[in-house]
Amino acid sequence: MAEAVVSMILGQLASVLQQEVEEKVRLVVGVDEEVKKLTSNFQAIESVLEDAECKQVKQKAVGDWLDKLKDVSYDIEDVLDEWNTAIQKLRIMEDENASKLVTKVCSLMSCYRFCCRRVVKRHDIAMKIKHINQTLDVIAMEKNRFHLSSIKGARGVEREITTSFVDESEIHGRDDDKKEIKNLLLSESSNGPTSLPIISIVGLGGIGKTTLARLVFNDHEVTAHFNEKIWVCVSDPFDEIKIGKAILESLRNVAPNVNEFEIVLRNIKESISGKKFLLILDDVWTEDSNKWEQLKSSLKCGAKGSRILVTTRKMNVAKVMGSTNFVEVGMLSDEKCWSLFSQVSFYGRNIEECKKLKGVGRRIVKKCKGLPLAVKTLGGVLRFKTTIEEWKSVLDSEMWELEDAEKGIFTPLLLSYFDLPSELKRCFLYCAIFSKDYVMKKDRLIKLWMAQDYLRTQRNKDAELVGEEYFDKLAMRSFFQDFERDEDDGSIVSCKMHDMVHDSAQYLTKNECFSVEVDYSKGFPLNSSYSKARHSMIVLKNSASVSTSIFHENRLRSLIFECDRWRDQTFIDISNLFNYLTCVRALRFYGKSIADVSSGISKLTHLRYLEVSENNYIVELPEAVCELYNLRTFDISGCHKLNKLPEGIGKLVNLRHLINYGSFYRCSYMPKGIERLTCLRTLSKVIVSGDKKACTFECLRNLNHLGGSLEIRCSGVDLGEINKAKFKNKTKLLCLVLWLSSDVINEEALEDFQPPPNLERFGLYQYRGTSRLFLNWMTSLTKLRRVQLYYWSGTELLPPLGKLQFLERLEIVNMKSVKRVGDEFLGMESDNLSASSSSSSITAFPKLQSLEFRNMQDWEDWDCQTSGRGGEDIKIMPCLRSLEIVDCPYLKTLPDYILQSTTLEELEISGCSILERRYQVERAENWVKDSGIPKIRIYENRSFSR
């Protein structure tokens with residue numbers, strides 16, 4: 001970690017010296033020499049840091065020396081950040097003055113006052129640099145006591161990778177275990193004397209218990225056998241209420257807003273009564289049977305054949321849980337270990353390379369002693385080493401002699417960590433801030449790394465892309481697991497860390513990262529190590545609160561608060577909190593943890609990441625937020641009562657992410673200053689109006705770095721202005737949703753819209769026109785995969801969406817005036833067919849896979865008159881897999897191209913009384929039974945919406 005911090009400091013020192021030359025920003029006389037001296041000292045120390053990092057594991061004195069070095073490094077980083085912030089304020093003030101018409105006298109007085117403050121600030125910073133240099137002199141001298149060697153640069157060049165990480169879905173050596181567990185889950189004879197058998201998978205950490213449980217959980221036969229499947233990560237401590245609520249959330253697909261254990265148990269009973277369920281309790285540690293008995297009793301009302309599957313490291317835990325069957329997971333055989341190791345470490349190599357490295361590789365695998373996590377981790381290390389000498393250095397490492405590891409698993413993780421480049425080390429260790437089994441959202445994690453300046457900037461490459469690369473490299477080395485993927489593009493959305501990997505990260509950070517759960521009934525479990533924390537996460541439970549005085553002696557650089565967003569009370573009094581967080585760079589309040597944001601937040605001059613999300617208390621934000629000149633990420637998502645942005649938002653010229661979806665429901669405008677935020681990569685929602693003092697379409701003109709999704713709400717604005725936003729230049733914008741003004745209709749402007757060229761998703765909401773829209777520009781978007789049309793009224797005909805050659809998903813919701821859907825929807829009206837008569841084959845919706853109609857209250861007919869017309873070969877929706885029709889009570893029948901579809905895999909009809917009567921499975925007109933559609937859901941007399 002010290003190596004990473006020192007490397008970052010050297011870059012910042014170089015930047016200060018460069019500013020002196022290029023921008024004529026002078027330090028106080030003599031301090032430029034102090035900066036050069038700092039640089040020299042840090043360079044001398046940096047050369048031996050890699051050796052020191054390795055030796056600290058066995059030599060406590062070296063570890064203590066590194067701790068002192070880290071402390072002084074953080075101090076100098078703060079001082080340099082103050083310097084850069086002062087320069088930044090000067091630039092912003094100059095820009096503001098240049099844009100205002102002020103009198104000569106006012107200008108002179110303002111200039112005089114600012115110059116005085118600037119001299120004082122420079123002198124203050126200069127004194128801090130001198131003081132730090134004195135401390136660093138002593139630390140630099142101390143390093144000679146340890147006889148450290150300069151070994152930097154020994155790491156080989158990483159080989160080019162063609163995928164984000166190795167596909168590890170193929171599990172090695174667990175076929176027999178999987179078969180045994182499946183038999184226990186599916187066999188009626190395994191019920192025995194109890195109505196609810198409990199099967200425990202027992203084995204060492206890193207042996208593959210969770211992987212095995214997940215393999216069974218996702219098995220097709222198991223899925224078909226049970227009505228409900230529930231997965232809960234238990235971990236330590238065993239929290240009955242938390243586990244019960246997790247079970248309920250899985251059963252009902254919504255987080256339960258209950259906290260009384262009796263109510264939770266009652267709801268569980270109601271939800272599983274008469275149903276055959278499979279409950280996985282992963283990573284159980286408790287040996288107190290009393291904590292389990294009540295929850296266990298509530299689960300006994302399920303149908304016969306229900307099962308509970310437990311994973312644990314201890315046999316005694318399995319017995320306390322009342323297990324009826326035990327599956328002890330043993331070590332992998334040498335050959336199975338070698339197979340797994342080869343899959344990872346030999347990825348992308350030719351046969352000759354593999355032969356050359358095979359002998360050393362087999363000796364390394366033997367040292368892993370049959371533990372899959374160890375094998376996989378070392379495979380990830382060696383995948384990037386090209387020479388046999390590099391492989392031998394791992395085989396002969398002193399790390400294998402460590403005695404603190406659990407059954408050898410710790411050593412491979414240490415070897416993998418010390419092999420990382422310095423920039424990846426700090427990113428990995430930062431993850432120790434989260435509690436065990438915490439679901440880490442990838443995008444948020446990258447933004448938190450960015451807040452700490454962990455991402456080494458590269459020319460012509462955004463920091464966010466660098467963060468993606470860092471994440472992928474850590475994933476490839478098996479530091480992350482349990483990946484959740486985006487259903488559209490398959491990209492990783494979130495992940496977890498194996499608990500032993502988490503233990504390793506905490507061990508290596510030496511209490512720099514501190515995670516604690518605060519329960520009202522148990523108090524605040526602080527210990528002396530908390531005062532050393534630099535990054536902290538506090539989880540508030542059961543009406544717990546936190547006194548800000550605990551941060552008095554603290555120098556936190558990250559502080560994350562999380563609490564249940566459904567609660568109706570606050571937990572943190574922030575009136576004094578900001579006085580103690582003068583070093584903080586990332587601050588997160590999730591849920592109803594605070595009632596407001598005070599003006600004292602302006603004191604947090606280093607702040608780069610600020611999140612106040614899922615909060616129903618906050619109504620407005622103070623203008624003081626706009627004094628946070630270093631802010632990169634501002635997340636106010638889910639703040640439903642927030643009614644405006646601060647007027648001075650344009651001062652945040654370094655802001656890259658303004659995440660505000662789910663907010664501003666009562667807001668009719670946004671400040672014009674949005675136009676100055678030209679660094680923005682994310683802007684979730686913007687409100688444009690016709691008021692020239694507010695944000696207009698033209699204010700978006702220069703925001704050309706915008707990417708991801710953007711929702712635009714029009715408030716009394718003429719759509720004729722829309723092309724002033726220059727969306728055609730926003731090549732990174734992938735999703736655009738337009739909410740139109742209810743009182744302004746301009747079909748011509750919609751027809752002439754010049755969209756972002758790489759749009760993948762487009763939504764048009766609240767169209768009130770009576771004319772039928774054609775939107776021909778949509779046909780030119782070759783990447784458009786998803787279209788959403790919501791809340792239209794006036795027009796009776798749908799656009800000819802069948803012409804969209806690349807469309808895969810279509811959602812049509814709340815079309816109040818549509819009574820008929822026919823050939824015009826397919827783009828196959830007679831005029832169109834005549835024009836295309838030269839072609840013998842016509843396909844409407846050639847790539848559409850998912851189609852949804854919801855809340856179409858007047859829709860009666862869905863037909864098609866094109867079949868066989870003119871002798872053409874007409875195909876309609878040849879790739880359709882999923883069809884949902886919800887709350888369309890007057891729809892009479894489905895068209896032939898749906899009834900005769902051979903690709904449809906999933907059909908849902910709900911709240912459609914006529915269709916329900918026509919296509920119920922029990923009825924005579926029973927095409928459903930013979931259709932071959934694997935999943936059919938037809939709900940009688942029931943209506944619901946998402």
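Here is what the cut-offs are and how they apply
- Residues numbered from 1 in each chain as written.
- Predicted model: local features only at pLDDT ≥ 70, side-chain atom pairs only at ≥ 80, totals over all residues.
- Heavy atoms only, no water.
- Helix = DSSP H or I, 4+ residues; strand = E, 2+ residues; numbered from the N terminus.
- Contact = heavy atoms within 4.5 Å.
- Areas by Shrake-Rupley, 256 points an atom, 1.4 Å probe, with all protein chains shown as cover.
- Pairing = 2+ DSSP bridges.
- 1 Å grid on protein atoms, 1.4 Å probe; cavity = no way out; pocket = protein on both sides within 12 Å on 5 of 7 lines; lining within 4 Å.
- Points joined across faces, edges and corners; volume = space filled by probe spheres on them.
- Nonpolar A, V, L, I, M, F, W, Y, C, P; charged D, E, K, R; others polar.
- Phe/Tyr/Trp six-rings, centres within 6.5 Å; stacked < 30°, edge-to-face > 60°.
- Buried < 20%, exposed > 50% of the residue type's maximum accessible area, 1.4 Å probe, protein only.
- Lys NZ or Arg CZ within 6 Å of the ring centre and 35° of its normal.
- Axes fitted to C-alpha atoms, helices over the stretch in contact; angles between N-to-C directions.
- Parallel < 35°, antiparallel > 145°, perpendicular 65-115°, else oblique.
- Left-handed = near helix turned anticlockwise from the far one by under 90°.
- Core = buried A, V, L, I, M, F, W, Y, C linked by side-chain atoms within 4.5 Å.
- Polar contact = N/O pair within 3.5 Å; in protein donor to acceptor, adjacent residues only side chain to side chain.
- Salt bridge = Lys/Arg side-chain N within 4 Å of Asp/Glu carboxyl O.

*Asks:* Go over the overall build of the chain, please, and point to the residues and values.
*Replies:* Across its full length, the chain holds 26 helices and 30 strands. The long-range fraction of contacts in the chain, counting pairs at least 24 apart against all pairs at least 6 apart in sequence, stands at 70%. Carbon and sulfur atoms make up 48% of the accessible area of the chain, which amounts to about 41,000 Å² in all.

*Asks:* If you had to explain the sheet that holds strand β13 (residues 609-613) to someone new, which residues and values would you point to?
*Replies:* Strand order in the open sheet formed by eight strands is β9-β10-β11-β12-β13-β14-β15-β16, and the pairing between neighbours is parallel. Edge positions in the open sheet fall to β9 (513-519) and β16 (682-683), since each of these has one partner strand only. Sheet topology places β9 next to strand β10 (residues 535-541); seven bridges connect them, and they run parallel. Residue pairing in the sheet places V516 in a bridge with I538 of β10.

*Asks:* I'd like to hear about empty space enclosed by the protein, residue by residue, with values.
*Replies:* Empty space among the atoms can be located by rolling a probe the size of a water molecule over them. Scanning the model with the defined rule gives six cavities of 30 Å³ or more in all. Estimated volume of the largest cavity: approximately 70 Å³. If you trace the largest cavity, you find it lined by F774, L775, N776, M778, T779, P799, P800, L801, K803 and L804. Here the residues of the lining of the largest cavity sort into seven nonpolar, two polar and one charged.

*Asks:* Talk me through the packing of aromatic side chains; I want residue IDs and the actual numbers.
*Replies:* Aromatic ring pairs are reported here in terms of the distance separating the ring centres and the angle at which the planes meet. Within the structure shown, the criterion is met by 28 aromatic pairs. Here the aromatic rings of F853 and W862 are separated by 5.2 Å at their centres, their planes lie at 70 degrees, and the arrangement is edge-to-face. With a relative accessible area of 0%, F853 lands in the buried category. On the basis of relative accessible area, W862 is assigned to the buried category, the value being 2%. In textbook terms, an aromatic cluster arises when at least three aromatic residues are bridged by ring pairs, as seen for F825, F845, F853, W859, W862 and Y897. Residue placement shows K229 over the ring face of F217; its charged tip is 4.3 Å from the ring centre. One Lys or Arg, R713, reaches over the ring of W739 and ends 4.0 Å from the middle of that ring.

*Asks:* Go over the packing of helix α12 (residues 334-345) against helix α13 (residues 351-367), please, and point to the residues and values.
*Replies:* Where α12 contacts α13, the axes come no closer than 10 Å and their chain directions differ by 120 degrees. Considering their axes alone, α12 and α13 lie oblique with respect to each other. Two packed elements cross with a definite hand, and for α12 against α13 that hand is right-handed. Contacts between α12 and α13 involve D334, E335, C337, W338 and F341 from the former and K358, G361, R362, V365 and K366 from the latter.

*Asks:* Now, about the nonpolar core: what can you tell me, with residues and values included?
*Replies:* The biggest cluster of nonpolar side chains holds 126 residues, and the ones touching the most others in it are I712, F825 and W862. Apart from the residues lying within four places of it in its own chain, the contact partners of I712 are V686, V688, F697, L700, F727, L736, V737, L738 and W739. Core analysis: the next-biggest nonpolar cluster, separate from the first, contains 87 residues, L332, V365, C431 and V539 among them.

*Asks:* Which residues make up the sheet that holds strand β22 (residues 809-813), and what values go with them?
*Replies:* Within the open sheet, the ten strands sit side by side as β17-β18-β19-β20-β21-β22-β25-β28-β29-β30. Their pairing is parallel. Of all strands in the sheet, those bounded by a partner on one side alone are β17 (685-689) and β30 (935-939). Along the sheet, successive strands turn relative to each other by an average axial angle of 10 degrees, direction set aside. Inspection of the sheet shows strand β20 (residues 761-765) paired to strand β21 (residues 786-790) by five bridges, in the parallel sense. Residue pairing in the sheet places Y765 in a bridge with Y790 of β21.

*Asks:* Could you give an account of the side chain of R349, naming the residues involved and the relevant values?
*Replies:* You can see R349 is positioned in the loop between α12 and α13. Reaching out from R349, the side chain makes a polar contact with the backbone oxygen of S345 at a distance of 3.0 Å.

*Asks:* Go over the pattern of salt bridges, please, and point to the residues and values.
*Replies:* Scanning all chains against the criterion turns up 51 salt bridges. Across the pair K128 and E82 runs a salt bridge, and its minimum N-O distance is 3.0 Å. Of this pair, K128 sits in helix α4 (residues 104-142) while E82 sits in helix α3 (residues 60-98); the two residues are 46 residues apart in sequence, bridging distant segments of the chain. Ionic pairing is found between E464 and R656, a salt bridge with its closest N-O pair at 2.8 Å. Here the residue E464 occupies a position in helix α19 (residues 463-476), and R656 occupies one in the loop between β14 (633-635) and β15 (657-659), the gap between them amounting to 192 residues. Residue R656 is classed as buried on the basis of its relative accessible area, which comes to 15%. One continuous salt-bridge network, built from bridges that share partners, spans E77, D78, D81, D453, R557, R585 and R608.

*Asks:* Tell me about the environment of F845, and please be specific about residues and values.
*Replies:* By the secondary structure assignment, F845 is in the loop between β24 (841-844) and β25 (850-854). Separated by 39 residues in sequence, F845 and F806 have C-alpha atoms that sit 7.9 Å apart. For F845, the contacting residues outside a window of four places in its chain are L801, G802, L807, L810, F825, L826, M877 and P878.

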